[in-house]
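Here are the chains, one letter per residue:
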Amino acid sequence: VDDDDEIRATVTTILTLEGYHVVAASDGQDALQCIVEGKCKPDLIVSDIAMPHMDGYAFFDAVRQMPTMRAVPFIFLTAFGSRKHVHLGRELGADDYLVKPFEASELLASVRSRLARTQAMRQQMERELDDARRMLVQLLSHELRTPLTYITGGFELLADNIARQSDEREIDTSMSLIRSGAQRLMRLAEQVVTYTELTSGFA
């Protein structure tokens, strides 16, 4: 994202030659619109600061307000090279701060390292999610059998008691087993729904 045509073309060429798919925008407003409308879903953002309509700071803040974009690496590439500006950019939460004029190797090193870190974090999250799913399957396997045993056993006792015309106390015991099993199944079903909402991102 840069309002300078030459810089934008240069950065696009450098990254494209390295095999990256690049989407370019002339200012923060155009870039934000591209993201909001779903025309692009960036894995990483490189943005200038001094731009018309929406500068880099406002664009950065808007991106970080979007839940699906909070973890996307954001690199400032700007002519603002004072210590004050560098400190401000990093204090805002930018993943890196590069100053123009820049070396292609410097840009590529920053992009590679940020993407590698994001990939490592994503893989770690996937491993943890797989572990959670595995534990859930084991838990379900055990927890489902117990209340189902109560229910099936209770029905058998109830049927036997009714067939023998047993007293109400024995029938109440059978009904209690069935009720207990049904309640445990209901709680388990609610836990599964909650887990599904949390892992899917929708609640």
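Higher on the page you've got the structure.
Note on numbering: residues in each chain are counted from 1, in written sequence order. Note on the predicted model: pLDDT of at least 70 is required for a residue's local features to be given, and 80 or more for side-chain atom pairs to be given and counted; whole-chain, interface and lining totals, by contrast, use all residues. The basis for every side-chain value is the complete set of heavy atoms in the structure, and neither hydrogens nor water enter the calculation.

**Overview of the pairing of strand β2 (residues 74-78)**
The side chains of a regular strand alternate, first on one face of the sheet and then on the other. Applied cut-off: In this scheme, a residue with accessible area under 20% of its type's maximum is buried, one over 50% is exposed, and one in between is partly exposed, where area comes from a 1.4 Å probe on protein chains only. Starting at the N terminus, helices and strands are each numbered in turn, a helix being any DSSP run of H or I of at least four residues and a strand any DSSP run of E of at least two. In this description, strands pair whenever DSSP reports at least two bridges between them.
For β2, the buried fraction is high: five of the five residues fall into the buried class. Every second residue of β2 is oriented toward a common face, with Phe74, Phe76 and Thr78 on one face and Ile75 and Leu77 on the other, all of them buried. Both strand β1 (residues 45-47) and β2 contribute to a ladder of three bridges, which runs parallel. Following the sheet pairing, isoleucine 45 is matched in β2 by phenylalanine 74.

**Structural notes on unusual backbone geometry**
Of the consecutive residues lysine 100 and proline 101, the connecting peptide bond is found in the cis state with omega at -5°. Residue position: proline 101 is located in the loop between β3 (96-99) and α5 (104-163). The phi torsion at histidine 53 lies on the positive side, around 70°, for a residue other than glycine. Structurally, the position occupied by histidine 53 is in the loop between β1 and α3 (56-64).

**Observations regarding the state of the cysteines**
Covalent bonding between the sulfur atoms of two cysteines is what defines a disulfide. Cut-off, in case you're wondering: The term disulfide is used for any two cysteine sulfur atoms that are within 2.5 Å.
All told, the structure shown has one disulfide when counted by the stated rule. Across the disulfide from cysteine 34 sits cysteine 40; the S-S distance is 2.4 Å. The buried category is assigned to cysteine 40, whose relative accessible area is 15%.

**Examining the sheet that holds β1**
This is how it is decided: Interaxial angles span 0 to 180 degrees and are taken between N-to-C directions of axes, which are lines fitted to C-alpha atoms, for helices over the stretch in contact. Residues count as neighbours in contact if any of their non-hydrogen atoms are within 4.5 Å of one another.
Taken in spatial order, the three strands of this open sheet run β1-β2-β3, and their pairing is parallel. Looking at the sheet topology across the chains shown, the edges are occupied by β1 and β3. Sheet twist, expressed as the average angle between the axes of neighbouring strands with direction ignored, equals 20°. Most of the contacts of helix α4 (residues 83-92) go to β3, to which it runs at about 150°, and overall it touches β2 and β3.

**Concerning the packing of aromatic side chains**
Short version of the rule: Geometry of aromatic contacts follows a simple scheme: Phe, Tyr and Trp rings, the Trp one being its six-membered ring, pair when their centres are within 6.5 Å, and the pair is stacked under 30 degrees between planes, edge-to-face over 60, tilted otherwise.
Throughout the structure, instances matching the rule amount to six aromatic pairs. Arranged with centres 5.8 Å apart and planes meeting at 80°, the rings of tyrosine 57 and phenylalanine 76 form a pair that is edge-to-face. Here phenylalanine 76 lies in strand β2 and tyrosine 57 lies in helix α3, a separation of 19 residues in the sequence. Side by side, tyrosine 57 and phenylalanine 76 carry an identical accessibility label, which is buried. Considering the side-chain rings of phenylalanine 60 and phenylalanine 76, the 5.8 Å spacing of their centres and the 45° angle between planes classify their relative orientation as tilted. Linking phenylalanine 60 in helix α3 with phenylalanine 76 in strand β2, this pair joins segments that are 16 residues apart in sequence.

**A word on the nonpolar core**
Which entries qualify depends on this criterion: Joining through side-chain atoms within 4.5 Å is the link that ties buried Ala, Val, Leu, Ile, Met, Phe, Trp, Tyr and Cys residues into a set, and such a set is a nonpolar core.
Counting 24 residues, the largest nonpolar core has Ile35, Ile45, Phe59, Met69 and Phe76 as its most contacted members. For this core, the elements supplying multiple residues, two or more each, are α2 (28-36), α3 and β2. Top element by residues in this core is α3. It accounts for five residues. Setting aside chain neighbours within four positions, we find methionine 69 in contact with Ile35, Pro42, Ile45, Val63 and Arg64. In this structure, Val46, Leu77, Leu98 and Leu107 belong to the second largest nonpolar core, which totals 12 residues.

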